[in-house]
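Single-letter residue listing:
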Amino acid sequence: MNAIAVNVEEKLFQNRYKVDHGRPHIKIKNADVCSNECKGQQCTFVCPAACYKAEGNRTVTLITDGCLECGSCRVICTEHANVAWEYPRGGHGILFKFG
């Protein structure tokens, strides 16, 4: 059996994302919780789309463009429940292209 190498970045690049300007479907409820209470900042490495970034001053920034809507961020943040997540409005969000 021949193994076929799959480049994940190439597959993700085929997807498109329609931004809902002014109405993000994910928000960090309280930025101070990320900076002061969350020691691991797990959202910064569990998000497959790298929407969360840890900054040098322990703040976490969130850019929702390109979100895969997998919900990993809200699952990993159960200790602090600091992620407000809802599905994007119809016609917005990730547009998967398979193939």
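Remember, it's a predicted structure, so these values are computed and weren't measured experimentally. (Residues numbered from 1 in each chain as written. Predicted model: local features only at pLDDT ≥ 70, side-chain atom pairs only at ≥ 80, totals over all residues. Heavy atoms only, no water.)

Okay, the overall build of the chain next. Within the chain one finds 4 helices and 6 strands. If one aligns the C-alpha atoms of the chain with their principal axes, the spans along those axes are about 50 × 35 × 25 Å. For the chain, restricting intrachain contacts to residue pairs at least 6 apart in sequence, the fraction spanning at least 24 positions comes to 63%. Summed over its atoms, the accessible surface of the chain is roughly 7,000 Å², and 55% of this surface lies on carbon and sulfur atoms. If you average the places of the 12 positive and of the 10 negative side-chain charges in the chain, the two averages end up 5 Å apart. (Helix = DSSP H or I, 4+ residues; strand = E, 2+ residues; numbered from the N terminus. Contact = heavy atoms within 4.5 Å. Areas by Shrake-Rupley, 256 points an atom, 1.4 Å probe, with all protein chains shown as cover. Lys, Arg positive; Asp, Glu negative; His and termini not counted. Charge placed at Lys NZ, Arg CZ, Asp CG, Glu CD.)

Moving on to the side chain of Glu69. When you line up the elements, Glu69 lands in the loop between strand 4 (60-62) and helix 4 (72-76). No salt bridge is formed by the buried Glu69. Its closest oppositely charged neighbour is Arg74, at 9.8 Å. At 2.9 Å, the side chain of Glu69 and the backbone nitrogen of Ile94 are in polar contact. When near neighbours in sequence (up to four residues on either side) are disregarded, Glu69 contacts Tyr17, His25, Trp85, Tyr87, Pro88, His92, Gly93 and Ile94. (Buried < 20%, exposed > 50% of the residue type's maximum accessible area, 1.4 Å probe, protein only. Salt bridge = Lys/Arg side-chain N within 4 Å of Asp/Glu carboxyl O. Polar contact = N/O pair within 3.5 Å; in protein donor to acceptor, adjacent residues only side chain to side chain.)

This next bit is on the pattern of salt bridges. Using the criterion set out here, one finds 2 salt bridges in the structure. The closest approach of N and O atoms between Asp20 and Arg89, which form a salt bridge, is 2.8 Å. Taken together, the residues Asp20 in the loop between strand 1 (16-18) and strand 2 (26-28) and Arg89 in the loop between strand 5 (83-85) and strand 6 (93-95) connect sequence positions 69 residues apart. Under the relative-accessibility criterion, Asp20 is labelled buried at 12%. Here Arg23 and Glu86 are joined by a salt bridge, their closest N and O atoms 4.0 Å apart. Of this pair, Arg23 sits in the loop between strand 1 and strand 2 while Glu86 sits in the loop between strand 5 and strand 6, and the two are 63 residues apart along the sequence. Given a relative accessible area of 40%, Arg23 falls into the partly exposed group.

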